[in-house]
Protein chains: 2
Amino acid sequence: MTHRGRNRDTGPSHARAADYAHLTNPFTPQKLFSDDRIDAIHRAALDILERLGMRVLLPEARQIYADAGAFVDEETAMVHIGRDIVAAALSSAPKSFVVRGGVPKRDVVIGPGALLFKPGSGCPNVTDLERGRRPGTIAAYEETLKLAQSFDVIHLNGASAEPQDVPVHLRHYATTKAQLLLTDKVPSIYARGTKQSWQNFAMIALARGVSIEDFVDQAWCTTVINTNSPRQIDIPMGQGLIDFAKAGQVLIITPFCLSGAMAPVTVAGAMVLQHAEALAGITLAQLARAGSPVVYGSFLSNVDMKSGAPAMGTPEHFQGTVGSGQLARYLGLPWRSGGGSAANSGDAQAANENQFALWGSILGGANVIIHAAGWLESGLSFSYEKFITDLEVLQSVAELCTPPVQDDAALAMDAIAEVQPGGHFFGAAHTMERYRGAFYAPLNADLSNFGQWSDAGSITATQRATSVWKRVLADFEAPVVRAGLAEALEDYVAHGTEAGGAPPVS
Amino acid sequence: MTHRGRNRDTGPSHARAADYAHLTNPFTPQKLFSDDRIDAIHRAALDILERLGMRVLLPEARQIYADAGAFVDEETAMVHIGRDIVAAALSSAPKSFVVRGGVPKRDVVIGPGALLFKPGSGCPNVTDLERGRRPGTIAAYEETLKLAQSFDVIHLNGASAEPQDVPVHLRHYATTKAQLLLTDKVPSIYARGTKQSWQNFAMIALARGVSIEDFVDQAWCTTVINTNSPRQIDIPMGQGLIDFAKAGQVLIITPFCLSGAMAPVTVAGAMVLQHAEALAGITLAQLARAGSPVVYGSFLSNVDMKSGAPAMGTPEHFQGTVGSGQLARYLGLPWRSGGGSAANSGDAQAANENQFALWGSILGGANVIIHAAGWLESGLSFSYEKFITDLEVLQSVAELCTPPVQDDAALAMDAIAEVQPGGHFFGAAHTMERYRGAFYAPLNADLSNFGQWSDAGSITATQRATSVWKRVLADFEAPVVRAGLAEALEDYVAHGTEAGGAPPVS
């Protein structure tokens, strides 16, 4: 099911060509840093890894680095990684790879030119205008999955809201099962320990109808690894790097560098730190399994220096994003960036910050854009309404990925000859043949005039978005899955639960 | 006076470098049409001018075209303009020129790389949250001038709201006097007949302290000429093209092509029509005075095909804008584009449409972006609050025009060595030296957390903007003008009024 807009009844002859499920970025990647400074940032990051090192809390991870020749101080847990080790890792990391969805339409390629959107993720709370702001629940998690599944422009599942009503040792069962039954898109999995990870992999393999042996030969899910900036990889993250690499699943390795707080106050300095940490993670993954799929991750914004609060969609966020894209291309790796807003409600600030960050990602050439829709409060809330208003922007961007029709017929010479000066084109044959599919049909925008709009109650975009998400949820039809899958997953979860589940590591 | 943000107290050592008054677009102009199709569109437009012609309602204008060798049918008022005439006109139009403000800081260059913002213009109504939506008045016009004057990122005055409480034969006295006394930026003048235009020129010359002879040797003001799409130049617009060209003042020649209504339903077809009309206007201006400053104008969006209502900030608006930029560069002329929103209030739709259109303009390489802030209802209202929330985006874009600091000190190697894993950079020497000027200080964004924001009354961005514009108006200080200017302008207006003013032509 694809929701694009209201009452679309495009005829076959001039149907819109846009395929929201498969986007290629139409824009030339931009540069805000000179090529020689990108090289200097890369070399500075190598210096940091070699000279200052990373603190790596997981002994297994330290051993892997040590086995590759890194200098490890077991007392301080500091790992000094030589540039030759990093270079070898970079040479084994794939430049492009396929991640398999539940149906071929949902397979995605993460590589040059790809433009993939992932919803706002990792939020402890959810909010909507009907029920207010509240802690995340499995019911809300499932609703937001249904919303994401209903729009082709969302390419990868996210972890919209943390289902705090499910015990932590059982939570992964609930979230993975929901993703496999309510969506056919690539699941998003948290790396919270080996046992959880492999249980998640087993459930996905069950859903996709492959053995674990076949599962580890291809990528079927993604996880985000956040380093603890500055310069630390904690136990779950180190374990996740190893587990997902060994399983051949996608590691999106993202230092979360807020300039001025966990990273230097300059954008260039934050990029140096981010680059060092990302290289450390990529290196561990490649050492754990050469050739495993990794994505260079950046989420570089700044804090408000008066309060320490995170800011989003700022000029510094934009510059850091474009600069990170330059670094990713320098490495030749796929790249993930992040959007979002620090606003507390779905107002003009929220819209503007999100879109500003989005353009930084698009113009930087990001392949995966996380938090592309629905993120408020710098990620503390997932908003149902903001998800819809942000989707309007994502769909508009998706339309730009199809070049405008520009053949001779599109030049409309006959129509221009047909319509006399002072006339209009409404009735021209050229218009009549094309008007149904001519323009993007808005999902939520209201184009009525002020009088009509006032008479109808002066409903704002965010208020209208409530009707949209409610209609989408009411109309939702789960994707068809193979017969017996729901029962098989239930069985798996029941057995796992009986065996004590899998508590997250920390 | 420059308003950038709250409580900025940047020290001299690491002050922010951004000069909002002089911006150079940092982005590579993008292409959505192939070079050969841009050439095809240009040739199609030449065919239209030659074969179908333009209806030109002003006899003086037809005579000028005829004198240059165009075929004129006086009965139908149709003018057929040969491609050689157009080519000659294009060769005399300047590729870059200076427009003089009231002080050197406000001089602007309209040419390659320039990025100039002009507020929302031409609105019959104004609206703000305190006083509601109402017809434009001279008081509102003056207030919006004060707002524009207070922010360096607004480079050119606009005609924010039509002062409907001033009789039409005296209105230009009020608006031009207000611009000359309340701002030092380049005035925006309506072309509403020869008498009005020359009275406006005389007032500007008086303010700038130059004779009329010297006035016509340089550009001191702008006007926007809208053709009556399709294919018509009416009497005031034809007269304006001649008057402003003869006076050497800036003609921004902008067909307003709403695809599906006054222009073909395809973006490419609307571009063909727009291009033909712009070329017709540019040709008339150059025939009236070779070398007079002209700007290739585009404002190409689409209508909602169900209601006929204009839509703004759509994918088609974006594509048409980028395509128009390609056409302007093909001609080698400065280029003006348009932003705006169809929304009826300052909500997420309004923010998103405006910013989406803005990025089309920036990525198309527009030199002058009109309606960059404050436009609601596709131009039927100028919103004080939206002016502020849009300004936040313009200021953020302006920040991007200064490259990030990327010298060795900015790489922050010492700070990264100083801060241990798991620590933070708040107290690092590198941070302490730079934190004051490190980040863009928001004008209106609220970065407080949800609890603080709720406790403070859950004020939205648009509501906060009310406080901002009220504070700016309360703090406003008019620019210093030469002694006696106010009295001299009063005298001029008094004499003109006594003599019957200057009714607009139609």
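The structure under discussion appears in the preceding block.
Residues numbered from 1 in each chain as written. Chains lettered and ligands numbered in written order. Predicted model: local features only at pLDDT ≥ 70, side-chain atom pairs only at ≥ 80, totals over all residues. Heavy atoms only, no water.

## Quick look at the sheet that holds strand 12 (residues 256–259) of chain A
All names here are of chain A. Quick reminder of the rule: A pair of strands is treated as paired once DSSP finds two or more bridges between them. Secondary structure is summarised from DSSP: a helix means a run of H or I of at least four residues, a strand means a run of E of at least two, and numbering begins at the N terminus for each. Here, residues are in contact when the closest pair of their heavy atoms is within 4.5 Å. Convention adopted: a line fitted to C-alpha atoms gives each axis, helices being fitted over their contacting stretch, and angles between N-to-C directions are expressed from 0 to 180 degrees.
Read from one edge of the open sheet, three strands run 12-14-15, paired in mixed fashion. Two strands lie at the open edges of the sheet, namely strand 12 and strand 15 (310–311), each paired on one side alone. Its contacts with the sheet put helix 9 (residues 267–288) on strand 12 and strand 14 (299–303), and the angle it makes with strand 12 is roughly 165°.

## Focus: the relation of the copies chain B and chain A
Which entries qualify depends on this criterion: Least-squares fitting of one copy onto the other uses the C-alpha atoms of those residues that reach a pLDDT of at least 70 in both copies.
Mapping chain B onto chain A calls for a rotation angle of 180° and an axial translation of 0.0 Å; the resulting RMSD is 0.0 Å. The operation mapping one copy onto its partner corresponds to a two-fold rotation axis. Residues of chain B ranked by C-alpha distance from the rotation axis are headed by A348(B), positioned 2.5 Å from it. Same-surface contact between copies: 100% of interface residues of chain B are shared with the interface of chain A.

## Considerations on the interface of chain B and chain A
It is common to report an interface's size as the accessible area lost on association of the parts. As a reminder, the rule being used: When two parts are brought into contact, each loses some accessible area as probed by a 1.4 Å sphere; the total of that loss over both is the buried area. Any Lys or Arg side-chain nitrogen found within 4 Å of a carboxyl oxygen on Asp or Glu counts as a salt bridge.
Chain B puts 109 residues into the contact, and the matching count from chain A is 109 residues. Roughly 9,100 Å² is buried in total at the junction of chain B and chain A, and carbon and sulfur atoms are behind 66% of that figure. It is P421(B), F439(B) and L447(B) in chain B that bury the most area against chain A; as a group they hold 8% of the surface buried on that side. Between the two partners, chain B and chain A, sit two salt bridges. If you tally residues by element for the side of chain B that touches chain A, the top one is helix 11 (residues 348–364) of chain B, at nine residues.

## Brief notes about unusual backbone geometry
Residue and element names in this part refer to chain A. Cis geometry marks the peptide bond from S229 to P230; its omega dihedral reads 0°. Position of P230 relative to the elements: it lies in the loop between strand 9 (222–225) and strand 10 (232–233). Not every positive phi belongs to a glycine, and E377 is a case in point at roughly 50°. Relative to the helices and strands, E377 is located in the loop between strand 18 (375–376) and strand 19 (381–383).

## Thoughts on the environment of P187(A)
All names here are of chain A. Positionally, P187 belongs in the loop between helix 5 (171–182) and helix 6 (194–208). Note: C-alpha distance between P187 and C221 (34 residues apart in sequence) is 5.0 Å. Apart from residues no more than four positions distant in its own chain, P187 is found in contact with N157, Q179, L180, I204, R208, W220, C221 and T222.

## Things to note about the pattern of salt bridges
Where we set the bar: Three exposure classes are used, based on accessible area relative to the maximum for each residue type with a 1.4 Å probe and protein chains only: buried under 20%, partly exposed in between, and exposed over 50%.
Applying the stated criterion across every chain, the model contains 44 salt bridges over all chains. For the salt bridge of K177(A) with E490(A), the shortest nitrogen-to-oxygen distance reads 3.0 Å. With a gap of 313 residues between them, K177(A) in helix 5 and E490(A) in helix 17 (residues 485–498) connect regions that are remote in the sequence. Taking the relative accessible area as the measure of exposure, E490(A) reaches 40% and is therefore partly exposed. Here R100(B) ties to D107(B) by a salt bridge, and the two come within 3.4 Å at their closest N and O atoms. Here the salt bridges do not stand alone but share partners, grouping K105(A), R106(A), D152(A) and D184(A) into one network.

## Considering helix 11 of chain B
Residue and element names in this part refer to chain B. For clarity, the threshold we go by: Expected helix span is computed as 1.5 Å times (number of residues minus one). N or O atoms closer than or at 3.5 Å make up a polar contact, with two conditions inside protein: a donor-capable atom paired with an acceptor-capable one, and, for residues adjacent in sequence, both atoms drawn from side chains.
Over its 17 residues, helix 11 runs 24 Å from end to end, which matches the ideal 24 Å to within 8%, given 1.5 Å per residue. Burial runs high along helix 11: 17 of the 17 residues are buried. The distance from a side-chain oxygen at the start of helix 11 to the backbone nitrogen of Q349 is 3.2 Å, and the residue carrying that oxygen is D347.

## Observations concerning the packing of aromatic side chains
Heads up, the condition is: Pairing of aromatic side chains requires ring centres within 6.5 Å, counting the rings of Phe and Tyr and the six-membered ring of Trp. Pairs whose planes differ by under 30 degrees are stacked, by over 60 edge-to-face, and all others tilted. Counting as a charge over the ring demands two things of the Lys NZ or Arg CZ atom: a distance within 6 Å of the ring centre and an angle within 35 degrees of the ring normal.
Going through the model one piece at a time under the given rule, you end up with 33 aromatic pairs over all chains. Measuring from centroid to centroid gives 5.0 Å for W198(B) and F201(B), while their planes differ by 85°, and the two rings are edge-to-face. Taken together, the residues W198(B) and F201(B), both in helix 6 (residues 194–208) and three residues apart, mark about one turn of the helix. Owing to a relative accessible area of 0%, F201(B) belongs among the buried residues under this scheme. An aromatic cluster is present here, built from F27(A), F318(A), F356(A), W359(A), F27(B), F318(B), F356(B) and W359(B) joined pairwise through their rings. For the cation-ring pair, R133(A) lies above F450(B), with the distance from its terminal atom to the ring centre recorded as 4.1 Å.

## Comments concerning the pairing of strand 11 (residues 250–253) of chain B
All names here are of chain B. Residues V250 and I252 of strand 11 are buried on one face, and the alternating residues L251 and I253, pointing to the opposite face, are buried as well. With four bridges joining them, strand 9 (residues 222–225) and strand 11 adopt parallel strand pairing. Residue V224 lies in a different strand from strand 11, and its bridge partner there is I252. Of the pairings in the sheet, the one linking strand 11 to strand 13 (residues 294–297) comprises three bridges and is parallel in character. Across the sheet, residue L251 finds its bridge partner in strand 13, namely V294.

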